[in-house]
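Now for the letters of each chain:
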Amino acid sequence: MASISIQHLVKKYGDGFPAVNDVSIDIADGEFMILVGPSGCGKSTLLRMIVGLEDISSGDLKIGDRRVNDLAPRDRNLAMVFQNYALYPHLTVYENIAFPLRLAKKDNAEVDKLVKEAAATLELEEHLQRKPGNLSGGQRQRVAMGRAIVRQADAFLFDEPLSNLDAKLRGQMRTEISRLQKKLGITTVYVTHDQTEAMTLGDRVAVLKRGILQQLATPRELYDNPGNLFVAGFIGSPPMNFLPVEVDGTSAKLPFGSVELPADKAQKVAGRGLLIAGIRPEHFEDASLTDGSGGSTFQAKVDVVEWLGNETYAYIPFEAPPEVAKQLHQLEKDLDGEAMRTQLVITLDGASRIKEGETAEISVDASKMHFFDPATGENLTVDPANAGQIPGAAVPA
Ligand SMILES: Nc1ncnc2c1ncn2[C@@H]1O[C@H](COP(=O)(O)OP(=O)(O)O)[C@@H](O)[C@H]1O
Ligand SMILES: [Mg+2]
């Protein structure tokens, strides 16, 4: 096992476009690192540079303390774990796991020892003589990992391994991969465009946009302290709401009315003119279900209600001035999304009795609000001590 150090990596393809643009990430020994971002942001390119399938245009790549820029893939001792359909259907589980050892012409005794050790770790012992076609999805995933384990690689690399599976199986496999990675303690780099996979699997998550690292942080840091609009909009489901806001003293004027801000938050943004407020759906509540002590409330006409039993989604349209609408439209494009941004999506307790068409009293936890600069997208209220690394941010003096 080993750490992986990525320093100022750049990849320019033939047309000169930087698919990966000056990305630096230090991955600790045993860490589960996620590379996440919308399609085309350079995740696969970065992973392929690590494994050696793509030349590095500039920058340094180290595995342990070895610079590996110029090493062939087979000399980097990394294992790319392919999707479960990369198993050979005509071979037994045993021979599928043994495959890289057979290629390396290991003797039978060693093959047997390594395959049996891997099978024990993966709880596949009783399936060794079966064919992959007869196994469950989770078992097949374990066979694919077994093949990587017997190679005794320094790290596992995954590129969207679950993207072709249906939602239920994807959930099961996610749990399986997480459990095994913890058990094996092996350094892992995992590419996905799915924020749920990023949040649930990663020790840390690197969020990329158009080849540029936006933020490198734990899932909790990304959720609580997104460095900019892009990260804020990408992490969280349903996504964070973005609203036009002006702050006067400690009062934040939103399209639905004003809410009172904590003094320290207000201080960072008062008098800055028109900003974008970010509020997560779960930081709203049906005011009739709260004891009234939890901050500000406002009245709004609820357009659509979706009751899910445990919770309720309510939709509230609003108008945004052109400066804000333009930035939000660009954000939608960046996120590869199609949600309509000028409606508030709020998550209420399932006990809420709010009805469609009703003007309801909604409370909001103003201490959880974020404020973004509409020109740059920067989060003006981020807590830098709990935000991991935000490469683009000005370093405080
Ligand atoms: N072989 C290639 N030649 C030229 N451009 C490429 C090649 N592979 C990828 N790209 C471009 O590099 C960018 C990043 O691609 P990729 O790393 O595959 O993104 P992701 O995996 O995040 O979807 C995209 O704009 C893509 O079109
Ligand atoms: Mg890709």
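See the structure above.
Residues numbered from 1 in each chain as written. Chains lettered and ligands numbered in written order. Predicted model: local features only at pLDDT ≥ 70, side-chain atom pairs only at ≥ 80, totals over all residues.

(A) Focus on the site of ligand 1. Neighbouring ligand 1 are the residues Tyr13, Ala19, Gly37, Ser39, Gly40, Cys41, Gly42, Lys43, Ser44 and Thr45. Of the residues forming the shell around ligand 1, the biggest block, three residues, is contributed by helix H1 (residues 43-51). Along the lines of polarity and charge, the residues of the shell around ligand 1 split into three nonpolar, six polar and one charged. (Near = placed C-beta within 6 Å. Helix = DSSP H or I, 4+ residues; strand = E, 2+ residues; numbered from the N terminus. Nonpolar A, V, L, I, M, F, W, Y, C, P; charged D, E, K, R; others polar.)

(B) Here's a closer look at the environment of Glu54. Position of Glu54 relative to the elements: it lies in the loop between H1 and strand S4 (58-63). The spacing of Glu54 and Glu319 is 265 residues in sequence and 47 Å in space, taken between C-alpha atoms. Excluding residues that lie within four positions of it along the chain, Glu54 makes contacts with Lys11, Thr45, Arg48 and Met49. (Contact = placed C-beta atoms within 7 Å.)

(C) Structural context of the pairing of strand S1 (residues 4-12). Direction of pairing for S1 relative to S4: antiparallel, over a ladder of five bridges. From the neighbouring strand, Ser5 faces S4, where its bridge partner is Lys62. As defined by bridge partners, S1 adjoins strand S2 (residues 18-27) across seven bridges and the pair is classed as antiparallel. When the sheet's bridge partners are listed, Ile6 is paired in S2 with Ile25. Where S1 folds back onto S2 in an antiparallel hairpin, the turn is made up of five residues, including Gly16, whose phi is positive at roughly 85 degrees. (Pairing = 2+ DSSP bridges.)

(D) Here's a closer look at the sheet that holds strand S16 (residues 296-301). A sheet is described by the order of its strands in space; here three strands give the open sequence S15-S20-S16, paired in antiparallel fashion. Each edge of the open sheet is held by one strand with a lone partner, namely strand S15 (284-286) and S16. Looking at each pair of strands side by side, their axes are set apart by 40 degrees on average, direction ignored. (Axes fitted to C-alpha atoms, helices over the stretch in contact; angles between N-to-C directions.)

(E) Geometry of helix H2 (residues 93-103). Within H2, burial applies to Val93, Tyr94, Asn96, Ile97, Ala98 and Leu101. Backbone geometry just after H2 places Lys105 at a positive phi near 60 degrees. (Buried ≥ 20, exposed ≤ 12 C-beta atoms within 10 Å, placed from the backbone.)

(F) How the structure looks around the sheet that holds strand S17 (residues 304-307). A sheet is described by the order of its strands in space; here three strands give the open sequence S17-S18-S19, paired in antiparallel fashion. Two strands close off the open sheet at either side, each with one partner strand: S17 and strand S19 (343-349). For this sheet, the mean angle separating the axes of adjacent strands, direction not counted, is 20 degrees. Direction of pairing for S17 relative to strand S18 (residues 311-317): antiparallel, over a ladder of four bridges.

(G) Structural context of the packing of helix H4 (residues 137-150) against helix H5 (residues 167-184). Direction vectors running N to C along H4 and H5 enclose 35 degrees, while the axes themselves pass 9 Å from each other. Every pair of crossing elements has a handedness; the one defined by H4 and H5 is right-handed. Across from Gly137, Gly138, Gln141, Arg142, Met145 and Ile149 in H4, the residues of H5 making contact are Leu169, Gln172, Met173, Glu176, Ile177, Leu180 and Leu184. Looking at side-chain class alone, the contact of H4 with H5 contains seven nonpolar, four polar and two charged residues. (Left-handed = near helix turned anticlockwise from the far one by under 90°.)

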